Structure formats: C-alpha cells, structure tokens
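As a plain string of letters, each chain reads:
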Amino acid sequence: MSGKSALARTSALIVGVGGLGCPAALALAASGVGRVGLADHDVVTLDNLARQILHRTEDVGRLKVDSGADSIFRLSAEVAVDKIPQKLTRENVARIIAPYDVIVDGSDNLATKLALNEACAEAGRPWVMGGVLRFFGQMMTILPGHSACLRCLVGEEGAGARGLDCGDAGVFGAVAGFVGMAQAADALRVLEGFEPVWSNRLMTADFRANAVGSVDVAQDPDCPVCALAARGQAKFPMKRGALA
C-alpha cells in the first residue's frame, strides 16, 4: 500500500487558517491526508493576502474556513474538509480536537497555544506548535507523555506572559511559509508512525540573519500539563516502533 493511500485514512486539524495554517493545510492535503479540519472564526482581509496563501483577492470578507476549503477542493476533491468557524477557547478545545489524529497550531497568541497544550495532553493528541513574528519563526512537536510540552518550554512565568501578536508586529510572509511547511512535514511523520524531527527540540528561524537553528527542550519533571498526559493514553501511531 502506498504512503499516500495510507494517509487517506488519517486526519489533521489546522487551528488558524492564516500565515502558518494555510501552507500547512495545502501540504497536508497535497500529501494525501484524507480529512483536514479548518478551525478559524475570522474573515479574510486584504492585508492577509501577503502571507495567507489559501486566500485570494475575491475572498476578502469571506470566512477563512470557507475560502480555505474552496482552495483545498481545487487542489484535491478527494480530501474531506471540515469547516469549523469558531474561535478556539478552553471551553470548546477538547470537543474541537477530538476527531483528529494530529493538530497543527497556526494560532497567533499564547493563550490559544496553552489551551491546545493542555487539551492535547489530556486527550493524548500529538500537536505541532508554531509561531512567527516579523522575520522570526519557531516550531516544536509535542507528543503527550513522550516529550516536552509547551509549558515545559515557557515555564510558569512564561505561561502568564503577553506579547505582541502578528497583527500588531507584522510577519514576513516567507517566514510563515517556511514554518508552516515544516510543521506539515513533522505532522506527516507523526501520521506515518515516524518519530518527528522536532520533538524535544525547538526549531528557530531567523530570516534577517538567514539562519535556522534549534534549541534542546527538556521535559520538566514537575510540569502539571505533562502530569495530565501521563494519566492519559496517547493516540498517536507507533506502528514502526520509532517512538517506543
């Protein structure tokens, strides 16, 4: 059985159909993932088009999930697309992520990422965190119970911090495309049963200095979110033994 036909039985949720979510969704659909969920409550605006490649000028004013679904259909009519025009919150996140094998984070704020981190830990769902700001980007794949999580990375003090989002500070479109594609690549490795490249490592990209690097991230033995994951049952595939 080909890899593409095996992927047809898998599913991925894209949280945020923006600069990161758009390239990630295209890559996953083109690779043969059978079901792609698009979760975003926002509409397309003209300034989105420089970095959000699922949307076109004629989509301005439409819901991003509608525009994104149309673009994926034009790419491959075989991909089932779930449109979820909702803002992800701590109250609805568990329900939204439940049907999917892997979660790809394209959100633009820390609060949403932390809500995803906790919900994915409780559900045993692997998720690929990403972030971009100006010329800088980063990503890391979290395997609940098997790797460091976002809380391990930012710590208790960092979890309470608030900084600029991409709407405030701007994003260089090439950075979003680079990070979004890298997220899709690691999500595909998880779906295929391979160990992700960016587990326990934070990928960093600095397009001003033209440098890509990584930072090792250790699992915090006192992390309250990892404690939730330890009590749950991981749902990601381990068929090739790479994660055992």
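As the structure is a computational prediction, the values presented were derived from the model and not from experiment.

About the criteria used
Residues numbered from 1 in each chain as written. Predicted model: local features only at pLDDT ≥ 70, side-chain atom pairs only at ≥ 80, totals over all residues. Heavy atoms only, no water. Pairing = 2+ DSSP bridges. Helix = DSSP H or I, 4+ residues; strand = E, 2+ residues; numbered from the N terminus. Axes fitted to C-alpha atoms, helices over the stretch in contact; angles between N-to-C directions. Buried < 20%, exposed > 50% of the residue type's maximum accessible area, 1.4 Å probe, protein only. Polar contact = N/O pair within 3.5 Å; in protein donor to acceptor, adjacent residues only side chain to side chain. Contact = heavy atoms within 4.5 Å.

Enquirer: Looking at this structure, how should I read the sheet that holds strand β6 (residues 136-142)?
Expert: Backbone-to-backbone hydrogen bonds pair the strands of a sheet. The strands run either parallel or antiparallel. Ordered in space as β3-β2-β1-β4-β5-β6-β7-β8, the eight strands form an open sheet in which the pairing is mixed. For this open sheet the edge positions go to β3 (80-84) and β8 (211-216), each flanked by a neighbour on one side alone. Across the sheet, the mean angle from the axis of one strand to that of its neighbour is 15 degrees, orientation sign disregarded. Bridge count for strand β1 (residues 11-15) against strand β4 (residues 102-105) is four bridges, and the pairing is parallel. Residue pairing for β4: Val15 is matched across the bridge by Asp105.

Enquirer: Could you clarify how one ought to interpret the side chain of Gln52 in this entry?
Expert: One can find Gln52 in the loop between β2 (35-39) and α3 (64-75). By relative accessible area, which is 3% here, Gln52 ends up buried. Within the structure, the side chain of Gln52 is placed 3.1 Å from the side chain of Lys64, a separation counted as a polar contact. The residues touching Gln52, leaving out its near neighbours within four places in the chain, are Val17, Gly18, Gly19, Cys22 and Lys64.

Enquirer: What am I meant to see in unusual backbone geometry here?
Expert: Most peptide bonds take the trans form, and the phi angle of most residues other than glycine is negative. Phi at Arg134 takes a positive value of approximately 55 degrees, unusual for a residue other than glycine. One can find Arg134 in the loop between β5 (127-133) and β6. Residue Asn210 is not a glycine yet carries a positive backbone phi of 55 degrees. Mapping Asn210 onto the fold places it in the loop between β7 (201-206) and β8. In this structure Asn210 comes out as exposed when scored by relative accessible area, which is 73%.

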